[in-house]
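Coordinate inspection notes
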Amino acid sequence: MGAELQKSGRPAEREQTFWLQWIQYAFPDLDSHAYFLPPVHVNRVPMTREVIAGQEVLVLQASAGQTDQSKQTMMKSQCAVKSSIRQPTRVQDSDVRDDDAMQRVLFCLKKMSELYSEVFVGLIQLQFGKYLGEPCYAAAAAATTRLPLPANLPPALPRNWKDGDFDVLVIHRCYGLVVCEIKSVGSNLKQLNLSKQNEDSIIRKKLKEAISQLDKAEAMLSHLVSDIANGLRITKTIAVPNLTVSQVQQSISGDPQLSQDLCRCLGITDPAAIAGLCLCSDQLFDPKTPWDISDGLVRELENWWQRRVAGFGPDSHMTRGLYRILVARFCGPATTVTVPSTSPVRLSVKTLGQAVSWTGECYTAQITLFPEQVQLLNMAPSRLFVAGPPGTGKTVVLLLKSTDWFLCGHAVHIVSTWRGSRAASIMLYHLLQTVSTQGAAGVAPGEIHIHHYDFDQVLDLEEAVDDLSEMASGGPLYVIADEAGPEYRKFPAFCAKLLTRVPLLHLWAASCYHGFAPAGWQVEYLTRPLRSPPAVIREIEQDLNIASFDVHPYSKRGVPDYTDGPPVRRLSHNGQGHSGDWPGGCVTCGREVASLLHKLHVGVPETASAGPPGLQWRDVLVLYWGDNSNNSGMVKGLRDAGIPVRVMEEDEIEDVATARTNVVWVTDGDGVRGLERKVVVCLKPRVIDDRLYAISRCTSQLIIVSPEDEQGACE
């Protein structure tokens, strides 16, 4: 869909036809799959802005569970913020609790849709006023008296009812409309150390608020669909993810009026049934451990769904045509679905492709650090080795330190020590070249040099020491070495020899492997995930190098993630049409990967100004382990489907590192260490499971294609 999707000023009937066309484009499997808007749940993340090495940096705030030292570091960091830097909206503890409760509910709804093939569209936190409120369509929507809008509620309803939102609104293909009010009450009751009486009082208060909000939501829904679906079933429910069924029942048992109001709101007569119709912790999985879903929990969730929604049977009003019209109105281009953002610009995320692009932007578009990394940069030791698992900010720290040296007028030498560090070194070199030419405190900026060596060759190691020593000319030397290697003895030997020749050596290096650190150097471990969403991190941490402790395991992040990320998509090299021993040699696997990329609308320009940038072909990497060629089945399958794809040659690393050419690059994971892409397709071999170098390149949508002897399916 191109610019024609943005035309306005047509009669409302033509607008609705256009909205129907749009949803067919945006949600191609509307009649057979569940969709959520936004497709990923978005958390509010506490952070501040600072200027470090001349760069604007987001600093994630320390949470209550961190050490006093981290808190003090954070306070010192905040004092250093310039008053001219616009700070993000302050995130309260209650916001974090509400987001966590919402995420648990959505996770279970998504799992239920997968397990039982439920067909619906779920809208998250849709404000009443955003319904058909997109500016370029608002005039057409308001031009006809046949179209009910939030602003023209019936006179019998209170005027302030036009304000509000739906926590979760489900448009179900069979069961009509389901509206859910979510309350995070219970998450901090233990910390408050309240009496049982006071706890019950707080729970009752929140349930009363839920009744009021559900009544308002029901009245608004009845009004909005009155012209096309008068009498459509509206099912109301309350979710309390931090309370058990027993807690809810005990709290309401001592308040007859509350029991009566809940019965009326939920449309029942038996007060004993109230708690069983609420979505409680008894039925909810933990999204932090998505692999741990017991059969008992699945049954509990299914039983709740039957009691509250499916047990009434299909709603006769809900035809296929009405379902599409409702989705077109509530989810189409005329209705705005926004997500929290660190900038004041309204950001609308509706399609999975937009969600994938937005997730990648969250994790990589702006430099982001934890307080301990800010402290490390402020301490600025002369020689430092940074270690930790992928995506913990090691390269970001090196970039900021080299930027600081450069802006202070020093010559910065980026040293690639082996093949596995070439891509990361080239990327750092080009990022440094984009740094402002304005030096610090009137000092002219320095110079940037890049050196390629291969310490697998002994002569290269000696040559590197000679070259760099000569460039120091008896003075200080500033060196950056990312993805340091190639193995435990050679890089430390290089550092020791260079320090002997250049006493005023400033050298910062990084590697996943802590064993590469030179003896006697300061070593810092970065283990909090920073550059990939949890859905990807959960896959990386299964790598054998982490399990064997050659690479330190991830520690708890301590700060909310922007999102759990798009679900990992899995394809199996198995079944009719598949050929060869592994996915990289299979044309059918290539075509199935291409189908997923097309569904993400990769390569289609994003015309909506309020949406994130559209996915480009350069945002995709296809990674394997071993040899591949332009004639492989995977490459042929991608090309057959119209994907612009190229297999990386040795002399094309710079092109890949800088994402200069807008194509899908195919290469081995070992050759692109340090690089990141929004979409990574990992072709798993039969024996080697290379998660550390392939899967870790992903900042948003991970696609894993497994051999035929591993069970997997396209979700």
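Okay, so let's go over this structure. All values reported here derive from a predicted model rather than from experimental measurement. (Residues numbered from 1 in each chain as written. Predicted model: local features only at pLDDT ≥ 70, side-chain atom pairs only at ≥ 80, totals over all residues. Heavy atoms only, no water.)

Phe 27, Val 121, Leu 123, Phe 166, Ile 171, Val 327 and Phe 330 are the most contacted members of the largest nonpolar core, which has 65 residues in total. If you tally residues by element for this core, the top one is helix α6 (residues 196–224), at 9 residues. Apart from residues no more than four positions distant in its own chain, Phe 330 is found in contact with Leu 123, Leu 126, Tyr 131, Leu 169, Ile 171, Leu 221, Leu 224, Val 225 and Thr 335. Grouped together as the second largest cluster of nonpolar side chains are 57 residues, Ile 426, Met 427, Ala 517 and Trp 521 included. (Core = buried A, V, L, I, M, F, W, Y, C linked by side-chain atoms within 4.5 Å. Buried < 20%, exposed > 50% of the residue type's maximum accessible area, 1.4 Å probe, protein only. Helix = DSSP H or I, 4+ residues; strand = E, 2+ residues; numbered from the N terminus. Contact = heavy atoms within 4.5 Å.)

This part takes up the sheet that holds strand β16 (residues 569–572). Taken together, 6 strands build an open sheet; the order of strands is β16-β21-β20-β17-β19-β18 and the sheet is parallel. Edge positions in the open sheet fall to β16 and β18 (645–647), since each of these has one partner strand only. For this sheet the average axis-to-axis angle between neighbouring strands, irrespective of direction, equals 20°. Where helix α20 (residues 587–599) meets the sheet, its contacts fall on β16, β17 (620–624), β20 (677–683) and β21 (698–706), and the angle it forms with β16 comes to roughly 160°. Most of the contacts of helix α21 (residues 633–640) go to β18, to which it runs at about 160°, and overall it touches β17, β18, β19 (664–668) and β20. (Pairing = 2+ DSSP bridges. Axes fitted to C-alpha atoms, helices over the stretch in contact; angles between N-to-C directions.)

The next subject is helix α17 (residues 490–501). Along its 12 residues, α17 runs 17 Å from first to last C-alpha, staying within 8% of the 16 Å computed at 1.5 Å per residue. Buried positions along α17 lie against β10 (383–387), α16 (458–472), β13 (477–481) and β14 (505–511). (Expected span 1.5 Å × (residues − 1).)

In this model, Leu 37 is joined to Pro 38 through a cis peptide bond whose omega is -5°. Tracing the backbone through its elements, the reader meets Pro 38 in the loop between β1 (35–37) and β2 (47–52). At the junction of Gly 485 and Pro 486, the peptide bond is cis and its omega measures out at 15° in the coordinates. The residue Pro 486 is located in the loop between β13 and α17 in this model. With a phi close to 50°, Ala 53 is a non-glycine residue in the positive phi region. Its identity is not glycine, yet Glu 483 carries a phi of approximately 50°, on the positive side. With respect to the secondary-structure elements, Glu 483 resides in the loop between β13 and α17. What makes Glu 483 buried here is its relative accessible area of 10%.

Quick look at the pattern of salt bridges now. If you walk through the whole model with that rule in mind, you get 38 salt bridges. Here Asp 163 makes a salt bridge to Lys 162, at a shortest N to O gap of 3.6 Å. In this structure Lys 162 comes out as partly exposed when scored by relative accessible area, which is 34%. Between Asp 255 and Lys 208 there is a salt bridge whose closest N-O contact spans 3.8 Å. (Salt bridge = Lys/Arg side-chain N within 4 Å of Asp/Glu carboxyl O.)

Attention now goes to helix α7 (residues 245–253). Buried within α7 we find Val 248, Ser 251 and Ile 252. Burial along α7 is one-sided: seen end-on, the buried residues are contained in an arc of 90°. Its buried side turned inward, α7 meets α6, β7 (234–240), α8 (256–266), α9 (274–277) and β8 (279–280). (Arc of directions from axis to C-beta.)

Below, the discussion takes up the packing of aromatic side chains. If you walk through the whole model with that rule in mind, you get 18 aromatic pairs. Ring geometry for Trp 304 versus Trp 305: centroids 6.1 Å apart, planes at 50°, classification tilted. You'll find Trp 304 and Trp 305 in the same group, each marked buried. Each member of the aromatic cluster is reached from another via a ring pair, and the members are Phe 385, Tyr 453, Phe 455, Phe 491 and Phe 494. When the ring centre of Phe 36 is taken as reference, the NZ or CZ atom of Lys 110 above it lies at 5.3 Å. Sitting above the plane of the Trp 22 ring, Lys 350 keeps its charged end 5.4 Å from the centroid. (Phe/Tyr/Trp six-rings, centres within 6.5 Å; stacked < 30°, edge-to-face > 60°. Lys NZ or Arg CZ within 6 Å of the ring centre and 35° of its normal.)

Quick look at the packing of α20 against α21 now. Between α20 and α21, the least distance of the axes is 6 Å, while the angle of their chain directions is 45°. Between α20 and α21, the interaxial angle falls into the category oblique. Here the hand of the crossing between α20 and α21 comes out right-handed. Mapping the contact onto sequence places Val 587, Cys 589, Gly 590, Arg 591, Val 593 and Ala 594 in α20 and Gly 633, Met 634, Lys 636, Gly 637, Leu 638 and Asp 640 in α21. (Parallel < 35°, antiparallel > 145°, perpendicular 65-115°, else oblique. Left-handed = near helix turned anticlockwise from the far one by under 90°.)

This part takes up the sheet that holds β7. One open sheet holds the 6 strands; their spatial order is β1-β4-β5-β6-β7-β8, and the pairing between them is mixed. With partners counted over all chains shown, the strands left at the sheet margins are β1 and β8, one partner each. Summarising the sheet, strand β6 (residues 176–182) and β7 pair through 6 bridges and their orientation is parallel. If you follow Leu 177 over to β7, its bridge partner there is Ile 234. Against the sheet, helix α3 (residues 93–116) contacts β1, β4 (120–127), β5 (165–172), β6, β7 and β8, and its axis sits at roughly 165° relative to β4.

What follows deals with the side chain of Asp 655. With respect to the helices and strands, Asp 655 occurs in helix α22 (residues 653–658). The buried category is assigned to Asp 655, whose relative accessible area is 9%. Excluding residues within four positions of it along the chain, Asp 655 makes contact with Arg 660, Thr 661 and Trp 665.

Inspection of the secondary structure assignment puts Pro 290 in the loop between β8 and α10 (295–308). We classify Pro 290 as buried; its relative accessible area is 15%. Residues in contact with Pro 290, not counting those within four places in the same chain, are Phe 107 and Arg 538.

Turning our attention to empty space enclosed by the protein. A water-sized probe rolled over the atoms picks out the places where empty space is left. All told, the structure shown has 2 cavities of 30 Å³ or more when counted by the stated rule. Quantified by volume, the largest cavity comes out at close to 80 Å³. If you trace the largest cavity, you find it lined by Val 105, Leu 109, Val 168, Val 170, Val 178, Cys 180, Thr 237, Leu 279, Trp 304 and Trp 305. Those elements that place two or more of their residues in the lining of the largest cavity are α3, β5, β6 and α10. Grouping the amino acids of the lining of the largest cavity by side-chain chemistry returns 9 nonpolar, 1 polar and no charged. (1 Å grid on protein atoms, 1.4 Å probe; cavity = no way out; pocket = protein on both sides within 12 Å on 5 of 7 lines; lining within 4 Å. Points joined across faces, edges and corners; volume = space filled by probe spheres on them. Nonpolar A, V, L, I, M, F, W, Y, C, P; charged D, E, K, R; others polar.)

A separate point is the pairing of β13. Every other side chain in a regular strand lies on the same face of the sheet, so the side chains alternate between the two faces. Within β13, 5 of the 5 residues are buried, leaving the element largely enclosed by the surrounding structure. Side chains Leu 477, Val 479 and Ala 481 project from β13 onto one buried face, and the interleaved Tyr 478 and Ile 480 project onto a second face that is buried too. Two elements, strand β11 (residues 412–416) and β13, share 3 bridges in a ladder whose sense is parallel. By the bridge assignment for β13, Val 412 is matched with Tyr 478. Of the strand pairs in this sheet, β13 and β14 are connected by 5 bridges, and their pairing is parallel. Bridging from a neighbouring strand, Val 479 pairs with Leu 507 of β14.

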